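# What the coordinates show
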Amino acid sequence: EVLGRLLSEEEIYAKIQEKIIMYGLPEIEIIFRDDMTARISVTTWKFARINLKKWLKMYEKELDAVLAHEIGVHVRRFINGMKSGLRILKHGTAFYLEDEEGLAIYNSLRYLPDTYEKNVMYIKYYLVSQAYNYSFSTLWKTITEIYPEKDLTQIFFDCLRLKKWIENTALFAEKWLSYDKDKIYLNGYMKVKKWVEEGGYIENLMVGKIKIQDIENFTDS
């Protein structure tokens, strides 16, 4: 109820077009795909493209938060970096990714109601830590208990993602084997949140795919 009305595919498509115009971005390809596990993803390598899962439905405020994450940060930083003519701003300075994902989450949370539980990044962090210690089957059981609404296919791919590169998933993982990228969301969010609270200006991070330290070094110099 706190997330508003459930939107159809057509309404979601129209809302994305509206956000693209609002941010003053060039025309971006939007395609529906039936091979996606995520509902919405953004491709930013040679060009920007927004991928949507077929038969997608989302709630109003939920969509606002997702678009603030994907378009408001990922696409904007990519397009601005591309416009700069500097390849490093288009593809990213060293170790930019943690700050980028943290900024995207920070931006998206501003669009969710205060009464909505915002705990996904904490759960992801927890599951990464458990992927080190649990077998595939125990991890499966853990995710099932956390997300009883998920179907078996979704849970299988969650486990597969966390246990990536492991030959014998019955054994405990070596520290470098599980999907550590999920840790950067919470780490990045806490870093960006602290920076903003100490007076950092978010728009300074929108010039391209840079990290907070890049701005600080530039300011110091």
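The structure presented is a predicted model; accordingly, all values stated were derived computationally and were not measured. (Residues numbered from 1 in each chain as written. Predicted model: local features only at pLDDT ≥ 70, side-chain atom pairs only at ≥ 80, totals over all residues. Heavy atoms only, no water.)

### Digging into the overall build of the protein chain
Broken down by element type, the protein chain carries nine helices and five strands. Shown N-terminal to C-terminal, the secondary structure of the protein chain runs as helices and strands in the order β-α-β-β-β-β-α-α-α-α-α-α-α-α. For a compact globule of 221 residues, the expected C-alpha radius of gyration is about 17 Å, and the protein chain comes in at 18 Å, within 12% of that figure. Taken over the C-alpha atoms alone, the protein chain extends approximately 50 × 45 × 35 Å along its principal axes. In the protein chain, of all internal contacts separated by at least 6 residues, the share reaching a separation of at least 24 is 62%. For the protein chain, the computed accessible surface area is about 12900 Å², with 55% contributed by carbon and sulfur atoms. (Helix = DSSP H or I, 4+ residues; strand = E, 2+ residues; numbered from the N terminus. Rg over C-alpha atoms; globule rule 2.2 N^0.38 Å. Contact = heavy atoms within 4.5 Å. Areas by Shrake-Rupley, 256 points an atom, 1.4 Å probe, with all protein chains shown as cover.)

### A closer look at the sheet that holds strand β2 (residues 29-33)
One open sheet holds the three strands; their spatial order is β2-β4-β3, and the pairing between them is mixed. Each edge of the sheet is formed by a strand with only one pairing partner; in this case those strands are β2 and β3 (40-44). Going from strand to strand, the sheet's axes swing by 25° on average, the running direction of each strand aside. Two elements, β3 and strand β4 (residues 48-53), share five bridges in a ladder whose sense is antiparallel. Bridged to T43 within β4 is R49. In the packing of helix α1 (residues 9-22) onto the sheet, the strands contacted are β2 and β4, and the crossing angle to β2 comes to about 155°. (Pairing = 2+ DSSP bridges. Axes fitted to C-alpha atoms, helices over the stretch in contact; angles between N-to-C directions.)

### Overview of unusual backbone geometry
A positive phi angle is found at W55, which is not glycine, with a value near 60°. Here W55 shows up in the loop between β4 and β5 (58-59). Of note, F95 is a non-glycine position whose phi angle comes to about 60°, a positive value. Among the structural elements, F95 can be located in the loop between α3 (87-91) and α4 (97-109).

### Regarding the packing of α1 against helix α2 (residues 60-84)
Between α1 and α2, the shortest axis-to-axis distance is 11 Å and the interhelical angle comes to 45°. Here α1 is positioned oblique relative to α2, judged by the angle of their axes. Crossing angle aside, the handedness with which α1 passes α2 is right-handed. Counting all contacts with α1, which are made through I12, K15, I16, K19 and I20, the residues of α2 involved are L63, D64, L67 and I71. Of the residues belonging to the contact of α1 with α2, the class tally is six nonpolar, no polar and three charged. (Parallel < 35°, antiparallel > 145°, perpendicular 65-115°, else oblique. Left-handed = near helix turned anticlockwise from the far one by under 90°. Nonpolar A, V, L, I, M, F, W, Y, C, P; charged D, E, K, R; others polar.)

### Concerning helix α8 (residues 181-197)
Its 17 residues give α8 an end-to-end C-alpha distance of 25 Å, which sits within 8% of 24 Å, the value for a rise of 1.5 Å per residue. Those residues of α8 lying buried are D182, I184, Y185, L186, G188, Y189, V192 and W195. Count one or two residues on from α8 and you reach G199, which has phi positive near 105°. (Expected span 1.5 Å × (residues − 1). Buried < 20%, exposed > 50% of the residue type's maximum accessible area, 1.4 Å probe, protein only.)

### As for helix α5 (residues 120-133)
For α5, spanning 14 residues, the distance from its first C-alpha to its last is 21 Å, which sits close to the expected 20 Å at 1.5 Å a residue. Turning to α5, the residues buried within the fold contact α4, α6 (136-146), α7 (152-162) and α8.

Purely spatial values, then, with no claim about function.
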